[in-house]
Amino acid sequence: MGRSYFVEDVVEKYILNLVTAEKAFTTGLLIGQCSPQRDFVVLAVQTAQREEQFNQPKQSKVSLVDIDEDWVIGHARQVSRMLPGGLEVLGVFLIASPELSKESQNTLRRLVFAVEKSVVKGRLWKLSEDDVSERVTLHICSKTRKLGEPRVTCRTFDVQDPKSSAKPADWKYQPGLSSSWSVLQCSVKIDLHIPVPEGSSVKNLDKYVKNRLQKWANLVEDSVILINGHVRPNDKEFTEGQKKTTRGSGTQQNFNVQLLMPLTGDSSNERLTALVEVCSESIQLNGVVHCKAYIHSNKPKVKNAIQALKRDVLNTVSVRTEMLFEDILLNEDESTIISRDRHDFPRRVYAQVPGCSVCMCDYIFPDEAVADLQEHFREILDCDIEEEQIDVTQEAIEACAYSNVNSDAVLEGNFPQVEDCRAPTNHTNIQRNIGVVMAVGMALLATAFSLFYFSD
């Protein structure tokens, strides 16, 4: 028996609009959430067009070989960056005329494997035993209609098996699918110091950052999660004891989460060997990031919700690090990157997607405006977002940059701060002064006591 896909009705309307456009073919991505029993699709996004495609004359003969796989992969990478926790690229769709039906299945298979390989690249986390490895392909015949609707063929492939063959799957539309999903939110403080070996090139900085982030990711994976102030058993149903909501009512349940990280990432008691390395500069990442995850309402386990939020923590830090290095390598030369003592990470913002009950996210650099975000949503997610629908309040605008590392050069990446921050040198001095005052006070008390005792 194949998998079942329950699909938000906004996806049906979106696909019908693409069918009426009467293009030779249209490719796109399907976004949603997997579960052991069934999968959920909440959004469909057509592949962003190249600028030269808008003015390109129609060809007399079209083949699916003309699909630019690299362009589809690049678009998938951009979309995956804009997904909150719990959501992922579940597969691809293709709208094509009957003449191209023979090519469609091979094309979809090639695209779904290529997209999956692209979106998992650079992740700081690994798949677990509970993760679903099947991805969906949807073929919509643009001209063959039944009862006024295009014919839809849904199949899945196991992307962990290169020799996987297509399996049939059910495709069912359902209104208000995500309206009763649960939302988990938390803020996580980042304070990482990364020494860079002497003689390293600027282009290799991202390598050292990623290696250090992987160690930090292990701490996140081992962290304890408090949900509304309580530790909950992993195998319990997440919504157990919560007030039931009517599907389609538009009521979501919100949960505040605290992430308690261990002091060390080494869970074993093995002896570690110290490594001394000459470093000429260092990279310091600090600040607070806001994270959000969605979890479906089909009896999810606590461990599923925790996993979705932890992965969002790892994803948002990894994405911002990639974006920062892309930006500084694109806009600055090698001589000025390290000479600058501060590089601000982009802030995370959220936007409500029209017709859907989940928010997508995006990132904004200090020199960008809300209008730039609107254009990016239009280009990547193919949706128009009003300015008032974009929430820029989750992460504060002000950032605090500092370094207490004695090195020749320091590159600082600063996440947005959502709490008061002071330079650690001043903070250290204050602590040192308090310590001195307390020590002097204790000494005076001891002297007075001894004099009184011996005088008696």
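This one's a predicted model, so the numbers in the text were calculated from it and none came from an experiment.

How each quantity is defined
Residue numbers here run from 1 along each chain, matching the order of that chain's written sequence. It should be noted that, the model being predicted, local features are given only for residues of pLDDT at least 70 and side-chain atom pairs only at 80 or more, the latter also being counted only at that level, while totals for whole chains, interfaces and linings use all residues. Side-chain numbers come from the whole structure's heavy atoms, not from hydrogens or water. Secondary structure elements are taken from DSSP: a helix is a run of H or I of four residues or more, a strand is a run of E of two residues or more, and numbering for both begins at the N terminus. Note on classification: 1.4 Å probe, protein chains only; a residue is buried when its accessible area is under 20% of the maximum for its type, exposed when over 50%, partly exposed between these limits. Here the Shrake-Rupley method, with its probe set to 1.4 Å, supplies the accessible areas, and only the displayed protein chains count as covering residues. We define a salt bridge as a contact between a side-chain nitrogen of Lys or Arg and a carboxyl oxygen of Asp or Glu at a distance within 4 Å. The criterion for strand pairing is that DSSP finds at least two bridges linking the strands in question. Any two of the Phe, Tyr and Trp rings considered here, Trp counted by its six-membered ring, make a pair once their centres fall within 6.5 Å; the pair's planes then place it as stacked at under 30 degrees, edge-to-face at over 60, or tilted in between. The criterion for a charge sitting over a ring is simple: Lys NZ or Arg CZ within 6 Å of the ring centre, and within 35 degrees of the ring normal. Pairs of N or O atoms are called polar contacts if they sit within 3.5 Å, as long as, within protein, a hydrogen donor faces a hydrogen acceptor (for residues adjacent in sequence, only side-chain-to-side-chain pairs). Should any heavy atoms of two residues lie within 4.5 Å, those residues are counted as being in contact. Residues enter patches when they are more than 30% accessible in relative terms and free of salt bridges; like-charged ones are connected within 9 Å and nonpolar ones (Val, Leu, Ile, Met, Phe, Trp, Tyr) within 5 Å. A residue's pLDDT is simply how confident the predictor is in it, with values from 0 to 100.

### Regarding the overall build of the protein
1) Next: Across its full length, the protein holds nine helices and 17 strands.
2) Next: Taken across its 456 residues, the protein has 45% of its residues classed as buried.
3) Next: For the protein, the exposed surface amounts to about 24500 Å²; the carbon and sulfur share of it is 50%.

### Remarks on the pattern of salt bridges
1) Next: Using the criterion set out here, one finds 15 salt bridges in the structure.
2) Next: In this structure, E326 engages R81 in a salt bridge whose closest nitrogen and oxygen atoms are separated by 2.8 Å. Taken as a pair, E326 in helix α6 (residues 302–331) and R81 in helix α3 (residues 69–81) lie far apart in primary sequence, 245 residues in all.
3) Next: The class for E326 is partly exposed, based on a relative accessible area of 42%.
4) Next: We classify R81 as buried; its relative accessible area is 12%.
5) Next: Two residues, R378 and E375, come together in a salt bridge whose shortest N-O distance is 2.7 Å. Taken as a pair, R378 and E375 lie in helix α8 (residues 370–380) at a separation of three residues, close to a single helical turn.
6) Next: Of the residues examined, E375 reaches a relative accessible area of 42% and is grouped as partly exposed.
7) Next: Among the charged side chains, a network of salt bridges with common partners joins R77, R81, K210, E322 and E326.

### So, the sheet that holds strand β16 (residues 390–391)
1) Next: Reading across from one edge, β15-β14-β16 is the order of the three strands in this open sheet, with antiparallel pairing throughout. Across the chains shown, the open sheet's two edge strands, defined by having one partner strand only, are β15 (359–364) and β16.
2) Next: Pairing between strand β14 (residues 347–352) and β15: six bridges, direction antiparallel. Bridge assignment links R347 to a residue of β15, and that residue is I364.

### With respect to the packing of aromatic side chains
1) Next: Summed over the entire model, instances satisfying the criterion amount to five aromatic pairs.
2) Next: Between the aromatic rings of Y5 and W171, the centroid separation amounts to 6.3 Å while the plane-to-plane angle is 35 degrees, which identifies the pairing as tilted. Here W171 lies in strand β8 (residues 170–174) and Y5 lies in strand β1 (residues 4–8), a separation of 166 residues in the sequence.
3) Next: Taken together, the aromatic side chains of Y5, W171 and Y173 make up a single cluster linked through ring pairs.
4) Next: The ring centre of F238 lies 5.2 Å from the NZ or CZ of R232, which sits over that ring.
5) Next: One Lys or Arg, K292, reaches over the ring of Y350 and ends 4.3 Å from the middle of that ring.

### Quick look at the side chain of H296
1) Next: Assignment of secondary structure puts H296 in the loop between β12 (279–295) and α6.
2) Next: A polar side-chain atom of H296 sits 3.0 Å from the main-chain amide nitrogen of N298.
3) Next: Residue contacts for H296: discarding those within four places in its chain leaves Q33, C34, S35, F40 and W181.

### Focus on unusual backbone geometry
1) Next: Even without being glycine, N228 reaches a positive phi, approximately 50 degrees.
2) Next: Mapped onto the fold, N228 is located in the loop between β10 (224–227) and β11 (253–260).
3) Next: A positive phi angle is found at D382, which is not glycine, with a value near 55 degrees.
4) Next: Relative to the helices and strands, D382 resides in the loop between α8 and β16.
5) Next: What makes D382 partly exposed here is its relative accessible area of 31%.

### Points about the side chain of E322
1) Next: Examined against the element boundaries, E322 turns out to sit in helix α6.
2) Next: Residue contacts for E322: discarding those within four places in its chain leaves R77, R81, G122 and K210.

### Re a nonpolar patch on the surface
1) Next: Together, V224, V231 and L260 make up a nonpolar patch on the protein surface, roughly 250 Å² of accessible area in all.
2) Next: Mapping L260 onto the fold places it in strand β11.

### Quick word on the environment of V313
1) Next: Within the secondary structure layout, V313 lies in helix α6.
2) Next: On the accessibility criterion, V313 (0% relative accessible area) is buried.
3) Next: Along the chain, V313 and S187 lie 126 residues apart, while their C-alpha atoms are 8.9 Å from each other.
4) Next: If we ignore the near neighbours within four places in the chain, the residues touching V313 are C186, V188, W216, V220, L259 and C291.

### Regarding the confidence of the model for the protein
1) Next: Summary statistics for the protein give a mean pLDDT of 80 and a share of 74% for residues scoring 70 or more.
2) Next: The spread of mean pLDDT over the elements of the protein runs between helix α9 (residues 424–455), the lowest at 49, and strand β3 (residues 39–46), the highest at 97.
3) Next: Across residues 54–58, where pLDDT falls below 50, the model places one contact with residues more than four positions away in sequence or in other chains.

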